[in-house]
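Geometric and topological summary
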Number of protein chains: 2
Amino acid sequence: MTKSFADDNRLHEATARIRRFLDHDRPDTPCLVIDLPTVRDRFTAIREALPRVAVFYAVKANPAPEVVELLAAEGSCFDVASPAEIDLCLARGAAPGAISYSNPIKKARDIAYAFGRGVRLFVSDSEQDVRAVAEHAPGSSVLLRIVVESRGSTYPFGKKFGCAPEMAADLLRLAAELGLAPLGVAFHAGSQQLDPTGWDGAIADAAEVVLKLRAEGLPVTTLNLGGGLPAAYLERPPAPAEYGAAITAAIERHFGDFTPRVMIEPGRAVVAESGLIRSEVVLVAKKSYTDEQRWVFLDVGRYGGLAETEGEAIAYPLETSRDGGPTGPVVIAGPTCDADDVLYQHTVYELPLDLRAGDFVDLLRAGAYTASYSSVAFNGFPPLATHCVR
Amino acid sequence: MTKSFADDNRLHEATARIRRFLDHDRPDTPCLVIDLPTVRDRFTAIREALPRVAVFYAVKANPAPEVVELLAAEGSCFDVASPAEIDLCLARGAAPGAISYSNPIKKARDIAYAFGRGVRLFVSDSEQDVRAVAEHAPGSSVLLRIVVESRGSTYPFGKKFGCAPEMAADLLRLAAELGLAPLGVAFHAGSQQLDPTGWDGAIADAAEVVLKLRAEGLPVTTLNLGGGLPAAYLERPPAPAEYGAAITAAIERHFGDFTPRVMIEPGRAVVAESGLIRSEVVLVAKKSYTDEQRWVFLDVGRYGGLAETEGEAIAYPLETSRDGGPTGPVVIAGPTCDADDVLYQHTVYELPLDLRAGDFVDLLRAGAYTASYSSVAFNGFPPLATHCVR
């Protein structure tokens, strides 16, 4: 239980495996390379930190077929957002019963499709969706997502998802009336949640709903902790064990005598640290004779997979093919003609003074929320390719 | 010369043509439909407003092959950002001499590729790029982009592109020494530039460089006005003729006796008004019993082509299949599990009170910077499809 989210030796080995692949195969840049042993390692660390919790991998974080296949073989369940993600999981070895259709925004025909493929677990946050699940996936289990205050998260979730706890309680009662199994309550504590106690308030709110409905005789059993487990970027979060301890303590504190079934939907924490994006320096330039910092333009940018650099929210560790000598401050930007395609101009990065066009810049811990975000063809640049090493 | 950017009769006819196509063909939603006659109409209006200016369509705004083909047939030139855009233009009827490789961020091998395909006009803003053009596209023409203050623009360009005017002058001298044709000066006044006088300061800066170098005997002849011509969204900009008059006057004022060759690179102004995105309502919900506004979730969002709703910068006019009855305030969001996939929560939109799942919401004037931005597969949703009507 001493594994951290950034176990340096293991990450060093993973980076070495990835670089051997890059040196040998020399794929076109930019590209994302996933180290599959690291995916297994991170998944195992989370499972060990939360031993009685069912882990549903959030496929959206990285839908590479090899990643899904590995996790299915490891016994992971899957949190999916769409029919295409259901098809992917089933094709790569997941059982329909191991899938949660956790997107509360679903077309009726997509619910029907999921049901036809054997999916029987849905997350809702509205009357319309509960009624649609009852009609198109009769008899299925449903979790109601509540809106929570998220503190300590790099990406607080606002109000897009979830409903007020009293509405969730009513909708669980409605679900039961409509012949669905009112399974329990879900929430999301915010992505890249750096505070292990960041789940506490939401667990309290969820417990209140669950215990109230159980007192009424409704067989509500389950708490879905959602996503939010972090990855190590430039900043290093506490170890999975600390999250496990804080979450376990919060559940015991707020649920009292009743022991709920618990599920969690990590994405970033499973795959981020497994991935390295290799980019090539396209241009190093100053804008005037008095500029103190250089602009470094890479062949990957905000529209080529680095969407999470919006607002400089995620700061990837960088390594270059010229590391070792003196460095200086830089602004880092992508290759498109879009003025917003600037990665870092406020976050302080220093890169080698002799960095030049054709050199490599590797973005570490870039396995989550990158390749699948990339634009289909903005400015004529192709989407980020993914390669996997074993 | 009285055509406005939002000629209501023509736009009404265009929308009717698009809806006939949608009613008849019933393509899957979401999708973008481009009305090609409107593209021709907008291109013509710009050419008439700036009769002595060479129009280079910015392919990145909408790279649909039918759009490029139509514009090539109309005699447009093309501003491209990548080798793929060069291939597209050549395949759709553009001559190599009608192409400007206007992205100042270019790999050496991409310059060589462009040269091999016959491209002889490049825009640079750095010594490295000028030297790379000289080496890999010998004898070509080069424009140096200067950085400008952009006021009045919805998307000011910041400092990503361009260099200080004195550096641009030095690089034009260097270009001549290296055997390139030092053609002139380029700039960008900021995208969706709502002020017709917004080009004035940049034209003054460019004129100073051009006239100084001509006095030295360098055969600098050309002014590239870049992009920035606006489209009509919720707000309506002045007519093209006003832009033409303001720009023409600024050129005469700042260049004096010398009459430069002039080029312009509109993208948005050519294609935005030609496009309609048809989306389907996935969910209408309230988050609590006291909420005054509804949340309307569409099957298109920020990662499905509506990237320009970031910061609510672009506000598309909306029409629904239930328009006519009473309306109420809404928050509008996309279909992914991403909390940032919210389109409008500060911009005031009212939609019909009886709007429900399965209804259509059409986003008007959505022909620019939409389909090519969309994610390849975020959350498992496919990229936005484009259809064209004639």
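Just so we're clear, the structure is a prediction, and the values are computed from it rather than from any experiment. (Residues numbered from 1 in each chain as written. Chains lettered and ligands numbered in written order. Predicted model: local features only at pLDDT ≥ 70, side-chain atom pairs only at ≥ 80, totals over all residues. Heavy atoms only, no water.)

A few words now on the overall build of chain A. A tally of helices and strands in chain A yields 10 helices and 18 strands. Relative to a compact globule of 390 residues, whose C-alpha radius of gyration would be 21 Å, chain A shows 22 Å and is just as compact. The dimensions of chain A, computed from C-alpha atoms along their principal axes, are 75 × 40 × 40 Å. Counting over 390 residues, chain A shows a buried share of 62%. When the accessible area of chain A is evaluated, it comes to approximately 13800 Å², of which 50% is carbon and sulfur surface. Here chain A contributes 38 positively and 51 negatively charged side chains, and the mean placements of these two sets differ by 3 Å. (Helix = DSSP H or I, 4+ residues; strand = E, 2+ residues; numbered from the N terminus. Rg over C-alpha atoms; globule rule 2.2 N^0.38 Å. Buried < 20%, exposed > 50% of the residue type's maximum accessible area, 1.4 Å probe, protein only. Areas by Shrake-Rupley, 256 points an atom, 1.4 Å probe, with all protein chains shown as cover. Lys, Arg positive; Asp, Glu negative; His and termini not counted. Charge placed at Lys NZ, Arg CZ, Asp CG, Glu CD.)

Applying the stated criterion across every chain yields a total of 50 salt bridges over all chains. A salt bridge links Asp125 of chain A to Lys287 of chain B, with the nearest nitrogen and oxygen atoms 3.4 Å apart. Residue Asp125 of chain A is located in the loop between β5 (121-124) and α6 (127-136), and its partner Lys287 of chain B is located in the loop between β12 (275-285) and β13 (294-298); the two belong to separate chains. One exposure class covers both Asp125 of chain A and Lys287 of chain B, and it is buried. Residue Glu308 of chain A pairs with Arg268 of chain A through a salt bridge whose shortest N-O separation is 2.8 Å. Of the two residues, Glu308 of chain A is situated in the loop between β13 (294-298) and β14 (318-320) and Arg268 of chain A in helix α10 (residues 268-271); the sequence distance between them amounts to 40 residues. Owing to a relative accessible area of 4%, Glu308 of chain A belongs among the buried residues under this scheme. (Salt bridge = Lys/Arg side-chain N within 4 Å of Asp/Glu carboxyl O.)

This brings us to the interface of chain B and chain A. Of the residues lining the interface, 67 residues belong to chain B; the matching set on chain A comes to 67 residues. By the criterion of area lost to chain A, the three top residues of chain B are Lys160, Lys287 and Cys337 of chain B, representing 13% of everything that side buries. At the junction of chain B with chain A, the criterion picks out 12 salt bridges. In this structure, the salt-bridge partner of Glu280 of chain B is Lys107 of chain A, at a minimum N-O distance of 3.9 Å. Seen at the junction of chain B and chain A, the total is 40 residue pairs in polar contact (both at pLDDT 80 or more). Of all elements in the fold, only α4 (83-91), α6 (127-136), α7 (165-177), β12 and β13 of chain B reach the threshold of two or more residues within the side of chain B that touches chain A. The dominant element in the side of chain B that touches chain A, judged by the number of residues it contributes, is β12 of chain B, at five residues. Class assignment of the residues belonging to the side of chain B that touches chain A gives a composition of 33 nonpolar, 14 polar and 20 charged. (Contact = heavy atoms within 4.5 Å. Buried area = accessible area lost by both parts, 1.4 Å probe. Polar contact = N/O pair within 3.5 Å; in protein donor to acceptor, adjacent residues only side chain to side chain. Nonpolar A, V, L, I, M, F, W, Y, C, P; charged D, E, K, R; others polar.)

Moving on, we get to the side chain of Lys106 of chain B. In this fold, Lys106 of chain B is placed in the loop between β4 (99-101) and α5 (108-116). Taking relative accessible area as the criterion, Lys106 of chain B reaches 3% and is therefore assigned buried. A distance of 2.6 Å separates a polar atom in the side chain of Lys106 of chain B from the backbone oxygen of Val123 of chain B. Ignoring any residue separated from it by four or fewer positions in sequence, one finds Lys106 of chain B in contact with Val282 of chain A together with Tyr101, Ile111, Phe122, Val123, Ser124, Asp129 and Val133 of chain B.

As a further point, take the relation of the copies chain B and chain A. In screw terms, the move from chain B to chain A is a rotation of 180 degrees and a rise of 0.0 Å along the axis, fitting with an RMSD of 0.0 Å. Look at the turn and shift together and you get a two-fold axis relating the two. Of the residues that chain B buries at the interface, 100% are likewise interface residues in chain A, meaning the two copies contact each other through the same surface. (Least-squares fit on C-alpha atoms with pLDDT ≥ 70 in both.)

This brings us to the packing of aromatic side chains. Under the counting rule described, the total for this entry stands at 24 aromatic pairs over all chains. Ring plane angle 70 degrees and centroid distance 6.4 Å describe the contact between Phe378 of chain A and Tyr369 of chain B, whose orientation is recorded as edge-to-face. Note that Phe378 of chain A is positioned in the loop between β17 (360-364) and β18 (385-389) and Tyr369 of chain B in the loop between β17 (360-364) and β18 (385-389), a pairing that runs across two chains. One exposure class covers both Phe378 of chain A and Tyr369 of chain B, and it is buried. Relative to Tyr373 of chain B, the ring of Phe378 of chain A has its centre 4.0 Å away and its plane inclined at 15 degrees; by these criteria the two rings are stacked. One end of the pair, Phe378 of chain A, is in the loop between β17 and β18; the other, Tyr373 of chain B, is in the loop between β17 and β18, on a second chain. Neither Phe378 of chain A nor Tyr373 of chain B differs from the other in exposure class; each is buried. Taken together, the ring pairs in this structure connect Tyr303 and Phe378 of chain A together with Tyr369 and Tyr373 of chain B into an aromatic cluster. (Phe/Tyr/Trp six-rings, centres within 6.5 Å; stacked < 30°, edge-to-face > 60°.)

Another point: the domain arrangement of chain A. Residue and element names in this part refer to chain A. According to the domain assignment, chain A consists of domain 1 (37-272) and domain 2 (273-389). Counting residues at the interface gives 21 residues for domain 1 and 20 residues for domain 2. The junction of domain 1 with domain 2 conceals about 1800 Å² of combined surface from both sides, 56% of it contributed by carbon and sulfur atoms. There are two salt bridges connecting domain 1 and domain 2. A salt bridge links Glu273 to Arg42, with the nearest nitrogen and oxygen atoms 3.8 Å apart. (Domains from an automatic or database assignment.)

Residue and element names in this part refer to chain B. With respect to the helices and strands, the residue Ser321 is situated in the loop between β14 (318-320) and β15 (327-333). It is 6.7 Å that separates the C-alpha atoms of Ser321 and Val361, two residues lying 40 residues apart in sequence. Here Phe360 takes part through its backbone nitrogen, which lies 2.9 Å from a polar atom of the side chain of Ser321.

Moving on to the pairing of strand β1 (residues 31-35) of chain A. Residue and element names in this part refer to chain A. Summarising burial for β1: five of the five residues are buried, a large majority. Side-chain alternation along β1 places Cys31, Val33 and Asp35 on one buried face and Leu32 and Ile34 on a second face that is also buried. Note: β1 against strand β12 (residues 275-285), four bridges, orientation antiparallel. Each residue of the ladder has a partner; that of Cys31, found in β12, is Arg278. (Pairing = 2+ DSSP bridges.)

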